[in-house]
Amino acid sequence: MRITTAFSRAHSTTDDADLASRRGLRRRRLGRRRLIVAGAVIATGVLVGTGFTVQNAVATQARIDATMALNATSGLRHEQLGAYRGIAAAKAIDNAEDTITAANATLAAANGKVDASGLAASVASLSDYRSIPVDQVVDLTKTTRAEAEKTAAAAAAFDQAQAEAAAAAAAAAAAALANANTPDGARAVAADLAASQYGWGADQFQCLDKLWQKESGWSYTAFNAGSGATGIPQSLPGSKMATAGDDWETNAATQIKWGLGYIKGSYGTPCSAWSHSQSMNWY
């Protein structure tokens, strides 16, 4: 007969509880192992079925990283391209403004000299540089500069031709003056003016030739120290001849113009003046 005490019952109850606890722990561990194995089997099936490997995973990640890097680089390039385009646009505008300023100066210099309509039209087109595409601004700037160079060259050629013509005229005038300042040259000038301005022919010129040969020998530098009479017609004083021209001291033609007018006003004709000179020894 088995005698169960309170102590033995309590101890038995504790042992049963411990045993149950250990069995539960083993079952839970076994369940986790089964879950891990099942998961491994399932994962293995997926890997085998799809052909997916660790190497593939690494390669895929590398491609993702490369794509992200390329996108980042592309973004940087777009930013750089935008900055470059901004700089190019600003430079195009500066060039356009400088070109318009220079072209307007060329137009002013060419005014009245050459046909600058092409340059004017080009400047007018370029003046819209703030509202037209940059590429068009660049092209119009080049066109305007080319037109300005062409117009400037034409204006320079015009100026050169004018300068040459002026030099030629000055040389001709100097030659004419030098020739007129000789006695024979002065006679030729006097004969021409007497006929063209007063209608005096060869008969009157013969009297004029004798008169002024006596007075000055047809020398525009003749000077009478006793009376102060000067030049071919022996004007007294010589400054009277300034009414015919400021160059009366150096130009025989100017002296002749004054002398013919004096004869006309005082004697009517050279022959009358010559007669008076013969009788009075002056005229």
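Before reading further, recall that the structure is shown in the block above.
Everything numeric here is computed off the predicted structure, so don't read it as measured data.

*Asks:* I tried to follow the packing of helix 3 (residues 117-126) against helix 4 (residues 134-180) on my own but got confused; where do I start?
*Replies:* Geometry of a packed helix pair, given as the angle between the helix axes and the separation of the axes. In the contact formed by helix 3 and helix 4, the axes pass within 9 Å of each other and the chain directions differ by 155°. Regarding the angle of helix 3 to helix 4, the classification is roughly antiparallel. Remark: the crossing between helix 3 and helix 4 carries left-handed chirality. For the pair helix 3 and helix 4, the contacting residues are Gly118, Leu119, Ser122, Val123, Ser125 and Leu126 in the first and Val137, Leu140, Thr141, Thr143, Thr144, Glu147, Ala148 and Thr151 in the second. For the contact of helix 3 with helix 4, a count of residues per class yields six nonpolar, seven polar and one charged.

*Asks:* Explanation requested: helix 3 in the structure shown.
*Replies:* An α-helical turn contains 3.6 residues, so a residue and the one three or four places further along point in the same direction. Turning to helix 3, its buried residues are Leu119, Ser122, Val123 and Leu126. Buried residues of helix 3 fall within an arc of 100° about the axis and therefore sit on the same side.

*Asks:* Explanation requested: the state of the cysteines in the structure shown.
*Replies:* Inspection of the entire model under this criterion finds one disulfide. Disulfide partner of cysteine 207: cysteine 271, at an S-S distance of 2.1 Å. Linking cysteine 207 and cysteine 271, the disulfide has an S-S dihedral of approximately 80° and is accordingly described as right-handed. With cysteine 207 in helix 6 (residues 202-215) and cysteine 271 in helix 8 (residues 270-280), the pair connects residues that are 64 residues apart, well separated along the chain. Overall, cysteine 207 belongs to the buried group, its relative accessible area being 13%.

*Asks:* Explain the packing of helix 6 against helix 8 here, please?
*Replies:* Close contact between helix 6 and helix 8 brings their axes to 8 Å; oriented N to C, the two are set at 40°. It follows that helix 6 is oblique to helix 8 by the angle criterion. With respect to the hand of their crossing, helix 6 and helix 8 are arranged in left-handed fashion. Judged by residue contacts, Asp203, Gln204, Cys207, Leu208, Lys210, Leu211, Lys214 and Glu215 of helix 6 engage Pro270, Cys271, Ala273, Trp274 and Ser277 from helix 8. Broken down by class, the residue content of the contact of helix 6 with helix 8 amounts to seven nonpolar, two polar and four charged.

*Asks:* What should I look at first to understand the side chain of asparagine 251 in this one?
*Replies:* Locating asparagine 251 in the fold gives a position in the loop between helix 6 and helix 7 (252-266). A polar atom in the side chain of asparagine 251 sits 2.8 Å from the side chain of aspartate 247. Apart from the residues lying within four places of it in its own chain, the contact partners of asparagine 251 are Leu177, Asn181 and Tyr220.

*Asks:* Can you help me understand the packing of aromatic side chains in this one?
*Replies:* When we look at a pair of aromatic rings, we describe it by the centre distance and by the angle of the planes. Going through the model one piece at a time under the given rule, you end up with seven aromatic pairs. Seen in terms of ring centroids, tryptophan 212 and tryptophan 218 are 5.4 Å apart; in terms of plane orientation they differ by 75°. Their pairing is edge-to-face. Relative to tyrosine 267, the ring of tyrosine 262 lies with its centre 6.3 Å away and its plane at 80°, an arrangement referred to as edge-to-face. In this structure tyrosine 262 comes out as partly exposed when scored by relative accessible area, which is 27%.

*Asks:* What is the right way to read helix 4 from this model?
*Replies:* For helix 4, which comprises 47 residues, the first-to-last C-alpha distance of 67 Å matches the rise-based estimate of 69 Å (1.5 Å per residue) to within 8%. Within helix 4, burial applies to Val137, Leu140, Thr141, Thr144, Glu147, Ala148, Thr151, Ala155 and Ala180.

The rules behind these values
- Sequence order as written defines the numbering, with residues in each chain counted from 1.
- Totals for whole chains, interfaces and linings use all residues, but because this is a predicted model, local features are given only for residues with pLDDT of at least 70 and pairs of side-chain atoms are given and counted only at 80 or more.
- Hydrogen atoms and water are omitted, and side-chain values are computed over all heavy atoms in the structure.
- Note on geometry: axes are lines fitted to C-alpha atoms, helical ones only across the stretch in contact, with angles between N-to-C directions running from 0 to 180 degrees.
- Helix and strand assignments come from DSSP, with helices taken as H or I runs of at least 4 residues and strands as E runs of at least 2, each series counted from the N terminus.
- What sets the label is the angle itself: under 35 degrees gives roughly parallel, over 145 gives roughly antiparallel, 65 to 115 gives roughly perpendicular, and the rest give oblique.
- Rotating anticlockwise by less than a right angle from the far helix to the near helix defines a left-handed crossing, while the corresponding clockwise rotation defines a right-handed one.
- We call two residues contacting when some pair of their heavy atoms lies within 4.5 Å.
- Residues were grouped as follows: Ala, Val, Leu, Ile, Met, Phe, Trp, Tyr, Cys and Pro as nonpolar; Asp, Glu, Lys and Arg as charged; and all remaining residues, including Gly, as polar.
- Exposure is judged per residue with a 1.4 Å probe applied to protein chains only, and the accessible area is read against the type maximum: over 50% gives exposed, under 20% gives buried, and values in between give partly exposed.
- Taking the helix axis as origin, the arc is that swept by the directions to the C-beta atoms.
- Two cysteine sulfur atoms form a disulfide, by the criterion used here, when they sit within 2.5 Å.
- Whenever two N or O atoms come within 3.5 Å, that pair is a polar contact, provided that in protein one can donate a hydrogen and the other can accept it, and provided that, for residues adjacent in sequence, both atoms are side-chain atoms.
- In this analysis, rings of Phe, Tyr and Trp, with Trp reduced to its six-membered ring, are considered paired at centre separations within 6.5 Å, and the interplanar angle assigns stacked below 30 degrees, edge-to-face beyond 60, and tilted for intermediate values.
- Expected helix span is given by 1.5 Å per residue-to-residue step, counting one fewer step than there are residues.

By themselves, these are just geometric observations and shouldn't be taken as functional.
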